[in-house]
Amino acid sequence: MHYGLVLGILLALVWLGPACEASSLGLVVHVEPLENDGGMMLRAHFTAIVPMPCPALTGVCGTDVDCVTHTTPLPFEGTKPGSGWCVRQWQRSVASNFSDTILLGSNTPLYVSLNAGPHVRANSGKLNQPPYVALPPPLRARANCPHHFPLSVKDLDGDKVRCRFAREDRGECQNCTQHSFIEMEPDQCMLTFTGAAPAGQYSVYLMAEDLIPSPKTSHISSNDPLSSIPVHLSLTVEESSTSCSDEPVATAGTPKEDTTLFILPYQQETMEVMYTSELESVSEIAVVGPPKLFRVNFNSVGPMASLTMAWIRSENKLARLLPICFVANTDSLQSEPRCLWLYQKEMRTLPDGTELKCEKTEMTLVLPVSSLSNINLSELQLNSPTCPVSYNDTYLTARIPLSGCGTEAVHSGNELVYTNTLKTVRPFTMVSRQPSLILPLACRIPGVQATGPQYKINMPTETETFGNVAFSLKFYFPGEGPMANHTRNPKTRSVYRPLSRLRREAESSSEQNSTSDTETGAIGSKITELDLHVLSNCSVERAEMIVSNCMESETEDFAVSYPILEQGCATSNSTLEILTETSTSKVYRLDMSNMQTKGTTMYVKCTVNLCIATMPSDKCPDLCSRSFDQRVLLTSLYTKTYTVKSGAVSLVVTTPSPRVTRTAPPVATPTKATNGPAATPCSRAPTSLQPASFTAVAVILTTISIFLQVSFLH
């Protein structure tokens, strides 16, 4: 339970066979009884998830003149599963007992059946409010991996929750069958996939019903539901060879499941979600939410991913409760679905005599004191306590500058809205049963009166931040190449981190001052050590390179490949990072005896980013140490993710070099020193190091603060 909302829902489930190409991937209907005809008609808010290409909304309204379709420049879309999906949303008036097949586009039928009364509640004398169910993005699971899918539900009347399977004879679904690999927890409304299903895409139809709660000691023989609302989910079962516990995990700072956020008129609510994925990088954070939900600043670097969401409550006819559901998807994994709720609080009508006057530089509030019965006027203040609120026996007044007193500006459609709030503020240690006041204030300015570049949201481009970046992979023998001063007697650190080791590790240093007397192997013999240089041309002072993954292969097309680095960490404890003073490049010491390539030639490709921490005291993420605040991911600037390939690298000695004595390097490791086998320096083997190719696989990664300002023309 959150904020006193007692949840009430009864779910009925039907499992169909594998879904056809044009079938729906999800549907939910939130309904609100209309008071003007006693609840015989409903305001129905439809949200549907459909496969790509996204169908048009023509035809969903029929002859309903009160129908509204939600088109947005920020559509909800996803790439997993299959060929992708999109969300379509609309609202219309329907009868309280409604049944129909709605056609989206030309080939996506949606069967909808609902029963919502009307029922007048005996405890309040008001119309019953049917339950709300949050619609998650299309669900994914792996064969032979049991999985729980909790359903996020709310009921404004505090009704009881219970779940059951649907019955076809009631018209709740069509062609309904039950399957043994689906189970339902009655009291928790928890959907469970047992894992015993073949790969494929399946449709799940549910009915959400609310029942009047009864005392535990009561033995009521019949407790009929007050309403039945449809919910449609989809589950894609995929084959996988990974562990059942490898899915991405939400980290601290991400809103908890079922969080309810109360939102006032013209208030902006910002939410940040963050994930860690040890096995595969997150390719998207898929979201299903209300119209005009901003989604910006998607970052995915190595095992970390983050997204910022924001919603502004402008004038709307949406439902009072608005769910936002999100999941993190990788190529073959999906996180646990998580949902939060935005609650649009109903505001009372302002009393007669209230005046809010909007002027060019300030707004002026006049409020009759007689309307504030039992309110302690001395406890009232604006967003900033430094701005005075004056009152006498008749009126309360406040002069509120548009550029001070905590006044905020938000963009609502083609208007600029300045907002502040008059509210009761008491000391944290004070407990009072006296009523409190929350009065949102807003001045709406037409967009045509706003001028200047500050009316726009600007973000730096990659070129403006980092310059025209280029990357390359080079291979040198130890002690050679542009980093010879660092690789001849290197200081190294271990970047080996098994996936099962999830605890944070602190680095420690261990130095050795031994010497080794080595010489080059014979011509044609295997090379024992090579230094992999990941180089960039970036000269920005605070830029840092992040290497997420490196792969080796015997063929240029990487048809069969083996990891050298995964999620920033080495897959072998004999691969060491050589510490240098150049933050925009990386060097790795490779023990060639541990490479999977067994021929005389290999190819390597790596995925890299450049990063700049926006705060001088911060550093860009060190993917393997995990000893950093993951919020740095949200406050840093990144390039696109680049894939860089080497040319053919010879793995055999072609030219002998003189005998050389060198000092063994000191090693810094998370636990203890880990030294690879002694290497014999030799002349550089001939390699074909062609210009690296680049493949952009991610978006620009920046942090945006959505804050709008305005100036007025006289």
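Read on for an overview of the structure.

1. Comments concerning the overall build of the chain
Broken down by element type, the chain carries 2 helices and 50 strands. Taken over 714 residues, the chain has a buried fraction of 52%. At a minimum sequence separation of 6, the contacts of the chain that also span at least 24 residues come to 76%. When the accessible area of the chain is evaluated, it comes to approximately 32,700 Å², of which 51% is carbon and sulfur surface.

2. Some points on the packing of aromatic side chains
If you walk through the whole model with that rule in mind, you get 5 aromatic pairs. With a centroid separation of 6.3 Å and an interplanar angle of 80°, the aromatic rings of Phe-181 and Phe-193 are classed as edge-to-face. With Phe-181 in the loop between strand E12 (153-154) and strand E13 (182-185) and Phe-193 in strand E14 (residues 190-193), this pair connects stretches of sequence that are 12 residues apart. Judged by relative accessible area, Phe-181 falls into the buried class, the value being 6%.

3. Digging into the nonpolar core
Ranked by size, the top nonpolar core spans 87 residues in total, and within it Trp-90, Leu-233, Ile-285, Val-287, Met-309, Ile-324 and Phe-326 carry the most contacts. When residues in this core are grouped by element, the largest group, 7 residues, is from strand E23 (residues 321-329). Excluding anything up to four places from it in sequence, Trp-90 contacts Ala-44, His-45, Phe-46, Ala-48, Leu-57, Val-60, Val-68, Thr-69, His-70, Ile-102, Leu-104 and Leu-110. Cys-550, Met-592, Met-595 and Val-604 belong to the second-largest nonpolar core, a separate cluster that totals 36 residues.

4. What to know about the environment of Leu-57
Inspection of the secondary structure puts Leu-57 in the loop between strand E3 (41-51) and strand E4 (68-70). Judged by relative accessible area, which is 13%, Leu-57 ranks as buried. The spacing of Leu-57 and His-70 is 13 residues in sequence and 9.0 Å in space, taken between C-alpha atoms. Not counting residues up to four positions away in its chain, the partners in contact with Leu-57 are Thr-69, His-70, Arg-88, Gln-89, Trp-90 and Leu-104.

5. A short note on the sheet that holds E14
Read across the sheet, 3 strands follow the order E11-E14-E13 without closing on themselves; strand pairing throughout is antiparallel. The open sheet terminates on both sides in strands that have one partner only, identified here as strand E11 (147-150) and E13. For this sheet, the mean angle separating the axes of adjacent strands, direction not counted, is 25°. Relative to E14, E11 is paired through 4 bridges, and the arrangement is antiparallel. From the neighbouring strand, Phe-149 faces E14, where its bridge partner is Leu-191.

6. Points about the pairing of strand E32 (residues 438-446)
Residues Leu-439, Leu-441, Cys-443 and Ile-445 point to one face of E32 and are all buried, whereas Ile-438, Pro-440, Ala-442, Arg-444 and Pro-446, pointing to the other face, are not buried. Looking at chain direction, strand E31 (residues 415-424) and E32 are connected through 9 bridges and run antiparallel. Considered in E32, the bridge of Thr-421 is made with Pro-440.

7. What about unusual backbone geometry?
Here the residue pair Met-52 and Pro-53 is connected by a cis peptide bond, since its omega of 0° sits within 30 degrees of zero. With respect to the helices and strands, Pro-53 occurs in the loop between E3 and E4. Phi is positive for Asn-374, which is not a glycine, with a value near 65°. Mapped onto the secondary structure, Asn-374 falls in the loop between strand E26 (362-368) and strand E27 (380-381). Overall, the relative accessible area of 57% leaves Asn-374 in the exposed class. The backbone phi angle of Gln-567 is positive, close to 55°, even though this residue is not glycine. Following the sequence through the fold, Gln-567 ends up in the loop between strand E40 (561-566) and strand E41 (569-570). On the basis of relative accessible area, Gln-567 is assigned to the buried category, the value being 2%.

8. Some points on the state of the cysteines
Per the counting criterion, the structure on display carries 9 disulfides. Covalent S-S linkage joins Cys-325 and Cys-339, the inter-sulfur distance amounting to 2.1 Å. Across the disulfide from Cys-325 to Cys-339, rotation about the S-S bond amounts to roughly 110°, and the bridge is consequently right-handed. Linking Cys-325 in strand E23 with Cys-339 in strand E24 (residues 338-344), this pair joins segments that are 14 residues apart in sequence.

9. Concerning the pairing of strand E44 (residues 601-613)
In terms of burial, E44 is largely enclosed, as 11 of its 13 residues are buried. Sheet topology note: the E44/strand E47 (residues 649-650) ladder contains 2 bridges and is antiparallel. The partner of Thr-601 across the bridge, within E47, is Ser-650. One ladder, built from 4 bridges, connects E44 with strand E46 (residues 642-645); its direction is antiparallel. In the sheet register, Cys-606 faces E46, and the bridge partner there is Val-644. Looking at chain direction, E44 and strand E45 (residues 636-638) are connected through 3 bridges and run antiparallel. Across the sheet, the residue bridging to Ala-613 is Ser-636, located in E45.

10. Section: the sheet that holds strand E19 (residues 268-276)
Taking strand neighbours across the sheet as the criterion, the 4 strands line up as E17-E19-E22-E21 in an open arrangement whose pairing is antiparallel. Both edges of this open sheet fall to strand E17 (249-250) and strand E21 (294-301), since each of them pairs with a single strand only. As judged from the 9 bridges shared by E19 and strand E22 (residues 304-312), these two strands associate in the antiparallel manner. From the neighbouring strand, Glu-269 faces E22, where its bridge partner is Trp-311.

11. Describing the pattern of salt bridges
With the rule as written, the count across this model stands at 17 salt bridges. A salt bridge links Arg-121 to Asp-157; the nearest nitrogen and oxygen atoms lie 3.6 Å apart. Taken together, the residues span a long stretch of sequence, with Arg-121 in the loop between strand E8 (108-115) and strand E9 (132-133) and Asp-157 in the loop between E12 and E13 at a distance of 36 residues. Residue Arg-320 is joined to Glu-346 by a salt bridge in which the shortest nitrogen-to-oxygen separation is 3.9 Å. Separated by 26 residues along the polypeptide, Arg-320 in the loop between E22 and E23 and Glu-346 in the loop between E24 and strand E25 (355-358) bring together distant segments of the chain. For Arg-320, a relative accessible area of 22% corresponds to the partly exposed category. Three or more residues joined by partner-sharing salt bridges are found here, namely Arg-493, Glu-577, Lys-586 and Asp-622.

Here is what the cut-offs are and how they apply
Residues numbered from 1 in each chain as written. Predicted model: local features only at pLDDT ≥ 70, side-chain atom pairs only at ≥ 80, totals over all residues. Heavy atoms only, no water. Helix = DSSP H or I, 4+ residues; strand = E, 2+ residues; numbered from the N terminus. Buried < 20%, exposed > 50% of the residue type's maximum accessible area, 1.4 Å probe, protein only. Contact = heavy atoms within 4.5 Å. Areas by Shrake-Rupley, 256 points an atom, 1.4 Å probe, with all protein chains shown as cover. Phe/Tyr/Trp six-rings, centres within 6.5 Å; stacked < 30°, edge-to-face > 60°. Core = buried A, V, L, I, M, F, W, Y, C linked by side-chain atoms within 4.5 Å. Pairing = 2+ DSSP bridges. Axes fitted to C-alpha atoms, helices over the stretch in contact; angles between N-to-C directions. Disulfide = S-S within 2.5 Å. Salt bridge = Lys/Arg side-chain N within 4 Å of Asp/Glu carboxyl O.

All quantities given are derived from atomic positions and should not be read as evidence of function.
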